[in-house]
Amino acid sequence: MNDTIHQPVIYLDHAATSFPKPESVLQAMQHSMREEAANPGRGGHKMAIAAGRVLMRTRLELSSLFGVSNPSDIAFMPNTTAALNQGIQGCLQPGDHVVTTMMEHNSVRRPLEYMRKKYQVDVDYVTVDEAGQIDLSELRKLCSRKTRLIVCNHSSNLLGSILPIQEIAEIAQSVGAWLLVDAAQSAGSIPVDVKALGIDMLAFPGHKGLLGPQGTGGLYISPSLDLEPLIYGGTGSQSEEVDQPSVRPDRYEAGTPNTVGIAGLGAGVRYIKDIGVSVIGHHEWLLTQYAIEQLSAVRGLRLLGPQLGEPRTGIVSFILESIDPSALAFRLDREYGIAVRAGYHCTPLAHQSANTTLSGAVRSSFGYDTTKKDVEALVDAVRHIASSV
Ligand SMILES: Cc1ncc(COP(=O)(O)O)c(C=O)c1O
């Protein structure tokens, strides 16, 4: 069966995963697969060493992207979810207190709720307003000396709003808590410097704004934080020891890594660094402003998230009163060849804040390849559907 999609797709689902990937990413993966996809760190032959270098090169690219001094403080993970689980489960003790927000992805909420049930971890959620902002004084009030961790996203995957990470880090430091930032929607679109911002752990995807393939991501872990590993096993190092090595990154990278994917991720990071993260972020912001201006003129349409002119990442979510979001997304795809995502976007509490709990929403999300023409096509299609139902 040939199920390749032949018709051109206007891809507006970058918040889920970026597409297409740059040619250099495809080439790096093909080169790795053909020439050097031996097992890195497991053997002294030339090809294993070459594979190890691929990992090191990508780690170096990521370190310079995120202001990390020691590349070994970055552990590769298969996605943001794995990185968040490692960060959350690795630093909490029974009875600890955690503060998070009502805007988090299930990849934060579910591990926290698991820790609550299993280890009596106490979890508080800071409320979020309709524009996707938190009240810092509420966060301050919820934090105490018992608070071990603050975990929040840098940018909401429903609303595109951006949280003030530096101020949140100051609150975390004032009570001696760690700060774990979920950079799923910001890595590659907003400059992130972990030292300047005061971030103790940064969970990031490789497959979204960094333009790498699916199955890649990572976790930066501050050198002052001794996280308990989540996965134990072979690392190719200290094999005679029964305990997991204490040396980084091996401590957090048990099992054969995704060498081919990591080769692609390195090329993706090089690609965005050549363009400039701020340039990419600004391009995406301009597209959101255009989309908001145009969509706000469609009858019966309600936009979610920050107002026109406010900072946001490349996400514009909305609902049409006359048609269910899933039906709208289906029609956009089947009749207009436009790929967007409908539903709850794995963030049910954010829908509570946005007053869309009953309906969910349609989310369009833009990348560096997205053009004004793509946004025009979306607006035209939505307008057309709105007038036909
Ligand atoms: C804010 C946020 N956190 C976490 C995730 C999970 O990311 P991944 O699919 O890389 O595990 C996503 C995915 O969309 C997200 O938007």
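Reading guide: rules and limits
Residues numbered from 1 in each chain as written. Predicted model: local features only at pLDDT ≥ 70, side-chain atom pairs only at ≥ 80, totals over all residues. Heavy atoms only, no water. Core = buried A, V, L, I, M, F, W, Y, C linked by side-chain atoms within 4.5 Å. Buried < 20%, exposed > 50% of the residue type's maximum accessible area, 1.4 Å probe, protein only. Helix = DSSP H or I, 4+ residues; strand = E, 2+ residues; numbered from the N terminus. Domains from an automatic or database assignment. Contact = heavy atoms within 4.5 Å. Pairing = 2+ DSSP bridges. Axes fitted to C-alpha atoms, helices over the stretch in contact; angles between N-to-C directions. Phe/Tyr/Trp six-rings, centres within 6.5 Å; stacked < 30°, edge-to-face > 60°. Lys NZ or Arg CZ within 6 Å of the ring centre and 35° of its normal. Buried area = accessible area lost by both parts, 1.4 Å probe. Salt bridge = Lys/Arg side-chain N within 4 Å of Asp/Glu carboxyl O. Polar contact = N/O pair within 3.5 Å; in protein donor to acceptor, adjacent residues only side chain to side chain. Nonpolar A, V, L, I, M, F, W, Y, C, P; charged D, E, K, R; others polar.

A. Region of the structure containing the nonpolar core. Of all hydrophobic cores here, the largest spans 77 residues; its most connected members are Phe66, Leu139, Leu179, Leu202 and Leu210. Per-element accounting of this core gives the leading share, six residues, to helix 6 (residues 165-175). Here this core spans two domains, since at least three of its residues come from each of domain 1 (10-20 + 277-388) and domain 2 (23-275). In contact with Leu210, not counting residues within four places along its chain, are Leu62, Leu65, Phe66, Ala187, Gly188, Phe204, Pro205, Leu265, Gly268, Val269 and Ile272. Counting residues in hydrophobic clusters, the runner-up holds 27 residues, among them Val298, Val340, Ala381 and Ile385.

B. Spotlight on the sheet that holds strand 9 (residues 301-303). An order of 9-10-13-12 is seen for the four strands of this open sheet, with the pairing classed as antiparallel. If you trace the sheet from one side to the other, it starts and ends with strand 9 and strand 12 (341-343), each paired once. The average angle at which neighbouring strand axes cross in this sheet is 30°, direction not considered. Two strands pair when backbone bridges link them, and strand 9 and strand 10 (residues 315-320) are joined in this way by three bridges, in the antiparallel orientation. Counterpart to Arg302 in the pairing with strand 10 is Ile319. Against the sheet, helix 9 (residues 277-295) touches strand 9 and strand 10, its axis set at about 15° to strand 10.

C. Layout of the packing of aromatic side chains. Across all of its chains, the model carries two aromatic pairs by this definition. For the ring pair Phe66 and Phe204, a centre distance of 4.9 Å and an interplane angle of 50° mean the geometry is tilted. With Phe66 in helix 2 (residues 46-66) and Phe204 in strand 7 (residues 201-205), this residue pair connects regions lying 138 residues apart in the sequence. Across the pair, Phe204 and Phe66 agree in class, each one buried. Stacked on the ring of Tyr290, the Lys or Arg Lys372 has its end atom at 4.7 Å from the ring centre.

D. Region of interest: the domain arrangement of the chain. When the domains of the chain are assigned, the result is domain 1 (10-20 + 277-388) and domain 2 (23-275). Summarising the inter-unit geometry, the C-alpha centres of domain 1 and domain 2 are found 27 Å apart. Carbon and sulfur atoms make up 56% of the surface buried where domain 1 meets domain 2, a total of about 2800 Å² over both sides. Looking at the side of domain 1 facing domain 2, the largest losses of area belong to Val277, Thr313 and Leu349, adding up to 22% of the total buried there. At the boundary of domain 1 with domain 2, the tally comes to one salt bridge. Here domain 1 and domain 2 share 18 residue pairs in polar contact (both at pLDDT 80 or more) between them. Counting residues per element, the ones that place at least two in the side of domain 1 that touches domain 2 are helix 9, strand 10, helix 11 (348-353) and strand 13 (361-365). Taken together, the residues of the side of domain 1 that touches domain 2 break down into 16 nonpolar, 14 polar and four charged.

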